[in-house]
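Report on the structure
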Amino acid sequence: MLSNITACPLDCYDACVISFVDGKLKAIKDGFTNGFLCPHLHHYKKHDLILSPRYKGKEISMQEALEYLEAMLKESSASEVLHYKGNGNFSLMQDVTEHFFASYGATLLDGSLCDGAGEAGIIEGRGSNKNMPLGEIEKSDVVIFWGRNPHTTSSHILPMIKNKTIIVIDPIKTKIAKKADLYIQIKPHRDLYLAMLLSRFLYIYDTHNENYLEEFASEYEDYHELTQSLRIVPTLDEMTVELSQLEKVLELVVGKKVAIVCGVGIQKYLDGADVMRAIDAFGVMLGLFGKEGSGVAYLGSSKEHIVSPFNTDAKRVSKVDTEFSSFKTVFIQGANPLSQMPDSLRVKESISKVKNIVYFGLYENETSEIADLIIPAKSFLQKSDVRTSYSHDAMNFMPKQEESRYGISEYDLSAYFCEKFDIKLESEEFYIDHFKSFAQKDKDGLWQVKGREEVPYKNGFDTDDKEFLFLDEIDRDIKKDNKLYLLSPKSSSSLNSQFHREESVYLHSSLGFKEDEKVCISSANGKVELSVRFDDDLREDCVLIYSGTKGVNNLTSSKHSYEGKSAIYQENKVEVTSL
Ligand SMILES: Nc1nc2c(c(=O)[nH]1)N[C@H]1C(S)=C(S)[C@@H](COP(=O)(O)OP(=O)(O)OC[C@H]3O[C@@H](n4cnc5c(=O)[nH]c(N)nc54)[C@H](O)[C@@H]3O)O[C@H]1N2
Ligand SMILES: Nc1nc2c(c(=O)[nH]1)N[C@H]1C(S)=C(S)[C@@H](COP(=O)(O)OP(=O)(O)OC[C@H]3O[C@@H](n4cnc5c(=O)[nH]c(N)nc54)[C@H](O)[C@@H]3O)O[C@H]1N2
Ligand code: SF4
Ligand SMILES: [Mo]
């Protein structure tokens, strides 16, 4: 009998486990899922899927769609084919298409639209990115949410942090900020300074963990010197943080089990890697690593300790500033680059020169609008897969839950083309079993990825000498002007550009605009017109446009972060004018 248990495929920290009974999705009671689903999965079945393939606007059969794609591939040389894959479905079998395209000789992607800068900073300091899993955060006394918005993006952490001391550092007074024991409404892009000053004050007050530092981070005196390059009073003013708030953080954390839970908000900048590394350094100064219930959590790799069975050896170009116009055929899977890549106007211009644009996805969006060929995918309920998470160590199995006459799975599409082009592909079961072989049951009978450490860095870091590598210089150029900071975090009603997308710009009511007024928001890269909504949980120097809002990325730059080949959605400042 088929199991009616599966897992959410969406790009989200929680990777919830779900039952599918009588056509309805319900959260299971066990483990982190804790009996509740977020709005995306709760209403999942209400969103209209693309049912029929189309070529140049005309509905066609799936067989015809595959033949059109075959013809497109045949009329392009392999080096003129780009496979652009996003994260619409985060499960492991989604990469089977990469096996086909890599073996075929097409170009694939590298770079990051997401967490790449922060990850690079972590790797520079620690030598690897081993995440603090959810289960360890549950054991802490104090949780610092630093550029993470748990009510919106990772709600299954909330039941675990009841009765803990909560500190929030965020330019927006989020729901968790309103409940926090201490909230610091920091000016955007000043977290590097705050993290460095916190480390400096730990040292000044002799509350740094000296024994730990001597063993695992012996260069801490040099780092202290670097922190001294910041002048205290002007830096506090620059961050709009009070000295008393800084001291309060230290009072709440010293001697406690502390989990610093970071999100992508802190690192959408050119120097995003340095910001993350400075926060890590504060964790190191406190001696948080290698101890139960303590550490720094970010986004780990959902594929840690899982060896890919697929061929992924290919030429790659960055997904941040992809030059689409160098390709004749672009196959877009599980992504909406026309909305979600930075510098949308550049993307539009570059992709308009591509002869064959193929969109392989579930929903209509800006990318399906411009595609020549649309191939509907099957939803996660209609195919088999395996899911792991970037914030906990569970492996969830996703057997097919329902039949559908519409769409095609990633495996079936790859199997069709591997056969056509004589590329070896194993059976679907072979790959699913391969992924499953990387998991084992824990004492509660739940499947966990083998080999992941619950408490990483117990015996030091993964650098050459096992020691943490502190920043030795900071590279900053914060321009002074009267422009506003663009904040572009995640919305509770959409998953990036899937589901209910926001349509407004949010501003502090004191800025002098009227509610519902249409305004033009502009940056060095472009502009967008949106109607105003007030949000007095914002700072007056900030403009909030959620990820997924149409046109938001007209404003953003397609430059890479200095490290990590990542997008920098909040580097550009903006101006707002009435229309
Ligand atoms: N509902 C929902 N959930 C999602 C997603 C979604 O689109 N919708 N997307 C998923 C994906 S792809 C990801 S990567 C994760 C990301 O989820 P999170 O890591 O939570 O990231 P964001 O929502 O981008 O930003 C988090 C917080 O950072 C704050 N922030 C912005 N700039 C700064 C700054 O300079 N300093 C500080 N200290 N804070 C700052 C924002 O105000 C925001 O409250 O969420 C996943 N979950
Ligand atoms: N301004 C701004 N821009 C951002 C961000 C931001 O915070 N602000 N966040 C960035 C981040 S963190 C991320 S991760 C990216 C996300 O950017 P994308 O990866 O482009 O994600 P989505 O917008 O969710 O689009 C995913 C698409 O996948 C398709 N899909 C869903 N399930 C399946 C499936 O099973 N199979 C196939 N073939 N397709 C499927 C859906 O049709 C959907 O349109 O956006 C980035 N862009
Ligand atoms: S919280 Fe995340 S993993 Fe859980 S159902 Fe919602 S989107 Fe899926
Ligand atoms: Mo992301």
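The model shown is predicted, which means the values in this text are computed figures rather than measured ones. (Residues numbered from 1 in each chain as written. Chains lettered and ligands numbered in written order. Predicted model: local features only at pLDDT ≥ 70, side-chain atom pairs only at ≥ 80, totals over all residues. Heavy atoms only, no water.)

Of the regular secondary structure elements, the chain holds 18 helices and 28 strands. Since a compact globule built from 579 residues should have a radius of gyration of about 25 Å, the 24 Å found for the chain is in line with a globular shape. For the chain, the spread of C-alpha atoms along the principal axes amounts to about 70 × 60 × 45 Å. Looking at the 579 residues of the chain, the share that counts as buried comes to 61%. When contacts within the chain are restricted to residue pairs at least 6 apart in sequence, long-range pairs at least 24 apart make up 76% of them. With the model as given, the accessible surface of the chain reaches about 23,600 Å², and the carbon-plus-sulfur share is 47%. Between the mean site of the 68 positive side-chain charges and the mean site of the 89 negative ones, the chain shows a separation of 5 Å. (Helix = DSSP H or I, 4+ residues; strand = E, 2+ residues; numbered from the N terminus. Rg over C-alpha atoms; globule rule 2.2 N^0.38 Å. Buried < 20%, exposed > 50% of the residue type's maximum accessible area, 1.4 Å probe, protein only. Contact = heavy atoms within 4.5 Å. Areas by Shrake-Rupley, 256 points an atom, 1.4 Å probe, with all protein chains shown as cover. Lys, Arg positive; Asp, Glu negative; His and termini not counted. Charge placed at Lys NZ, Arg CZ, Asp CG, Glu CD.)

On to the domain arrangement of the chain, then. Taken domain by domain, the chain holds domain 1 (1–46), domain 2 (49–112 + 304–392 + 405–444), domain 3 (132–297) and domain 4 (484–578). On a C-alpha basis, the centroid separation for the pair domain 1 and domain 3 is 32 Å. Opposite the 8 residues of domain 1 that make contact, domain 3 presents 12 residues. Summing the contributions of domain 1 and of domain 3, the shared interface buries around 870 Å²; its carbon and sulfur component is 62%. Counting the surface domain 1 buries against domain 3, the share from its top three residues, Tyr-13, Asp-14 and Phe-32, is 67%. Along the contact surface separating domain 1 from domain 3 lie 0 salt bridges. (Domains from an automatic or database assignment. Buried area = accessible area lost by both parts, 1.4 Å probe. Salt bridge = Lys/Arg side-chain N within 4 Å of Asp/Glu carboxyl O.)

We now examine the pattern of salt bridges. Under the counting rule described, the total for this entry stands at 27 salt bridges. Put simply, Asp-95 and Lys-303 hold a salt bridge, and the shortest N to O gap is 2.7 Å. Remark: Lys-303 occurs in the loop between β12 (295–297) and β13 (316–318) and Asp-95 occurs in the loop between β6 (81–85) and α3 (96–104); sequence separation between them is 208 residues. Judged by relative accessible area, which is 10%, Asp-95 ranks as buried. A relative accessible area of 39% places Lys-303 in the partly exposed class. Residues joined in a network through salt bridges with shared partners are Lys-85, Asp-95 and Lys-303.

Rolled over the atoms, a probe with the dimensions of a water molecule shows which regions are left empty. Of the volumes computed, that of the second largest pocket is approximately 1,000 Å³. Elements that contribute at least two residues to the lining of the second largest pocket include exactly β1 (5–7), α5 (134–137), β18 (395–398), β19 (439–441) and β20 (447–449). Among the residues forming the lining of the second largest pocket, the class breakdown is 15 nonpolar, 12 polar and 13 charged. (1 Å grid on protein atoms, 1.4 Å probe; cavity = no way out; pocket = protein on both sides within 12 Å on 5 of 7 lines; lining within 4 Å. Points joined across faces, edges and corners; volume = space filled by probe spheres on them. Nonpolar A, V, L, I, M, F, W, Y, C, P; charged D, E, K, R; others polar.)

Attention now goes to the environment of Lys-303. Separated by 212 residues in sequence, Lys-303 and Ser-91 place their C-alpha atoms 9.9 Å apart. Excluding anything up to four places from it in sequence, Lys-303 contacts Leu-92, Asp-95 and Arg-452.

So, about the site of ligand 1. Neighbouring residues of ligand 1: 34 residues in total, closest Tyr-13, Asp-170, Asp-191, Ser-494 and Asn-496. Contact distances for ligand 1 include 2.9 Å between an oxygen atom and a backbone N or O atom of His-189. Within the backbone of Ser-491, one N or O atom sits 2.9 Å away from a nitrogen atom of ligand 1. Contact with the protein chains covers 99% of the free accessible surface of ligand 1, which is 920 Å². Among the secondary structure elements, those contributing two or more residues to the shell around ligand 1 are α6 (150–153) and β22 (494–495). Of the residues assigned to the shell around ligand 1, the class counts are 14 nonpolar, 14 polar and 6 charged. (Near = heavy atom within 4 Å. Polar contact = N/O pair within 3.5 Å; in protein donor to acceptor, adjacent residues only side chain to side chain.)

One open sheet holds the 6 strands; their spatial order is β5-β4-β16-β15-β14-β6, and the pairing between them is mixed. Each edge of the sheet is formed by a strand with only one pairing partner; in this case those strands are β5 (58–59) and β6. Here 2 bridges tie strand β4 (residues 54–55) to strand β16 (residues 373–376), and the two strands are oriented antiparallel to one another. If you follow Arg-54 over to β16, its bridge partner there is Ile-374. Contacts between α3 and the sheet are confined to β6 and β14 (329–333), with β6 contributing the most and set at about 160 degrees to the helix. (Pairing = 2+ DSSP bridges. Axes fitted to C-alpha atoms, helices over the stretch in contact; angles between N-to-C directions.)

With that settled, the discussion passes to the state of the cysteines. Counted by the stated rule, this structure contains 0 disulfides. No disulfide involves Cys-262; its nearest neighbouring cysteine sulfur is the one of Cys-114, lying 14 Å away. Take Cys-520: it sits in no disulfide, and the sulfur closest to it among the cysteines is that of Cys-542, at 19 Å. Judged by its relative accessible area of 10%, Cys-520 is buried. (Disulfide = S-S within 2.5 Å.)

For strand β11 (residues 258–262), the buried fraction is high: 5 of the 5 residues fall into the buried class. The two faces of β11 match: Val-258, Ile-260 and Cys-262 on one face and Ala-259 and Val-261 on the other face are all buried. Pairing geometry for strand β8 (residues 142–146) and β11, over 5 bridges, is parallel. Pairing of Trp-146 across the sheet is with Cys-262, part of β11. For β11 and β12, the ladder comprises 3 bridges, and the chain directions are parallel. Paired with Ile-260 across the strands is Val-296, a residue of β12.

A few words now on the sheet that holds β1. Read across the sheet, 3 strands follow the order β1-β2-β3 without closing on themselves; strand pairing throughout is antiparallel. Each end of this open sheet is capped by a strand with a single partner; those strands are β1 and β3 (24–27). If you compare each strand with its neighbour and ignore which way they point, the axes differ by 40 degrees on average. Relative to β3, strand β2 (residues 17–21) runs antiparallel, the two being bridged by 4 bridges. Its bridge partner lying in β3, Phe-20 is registered against Leu-25.

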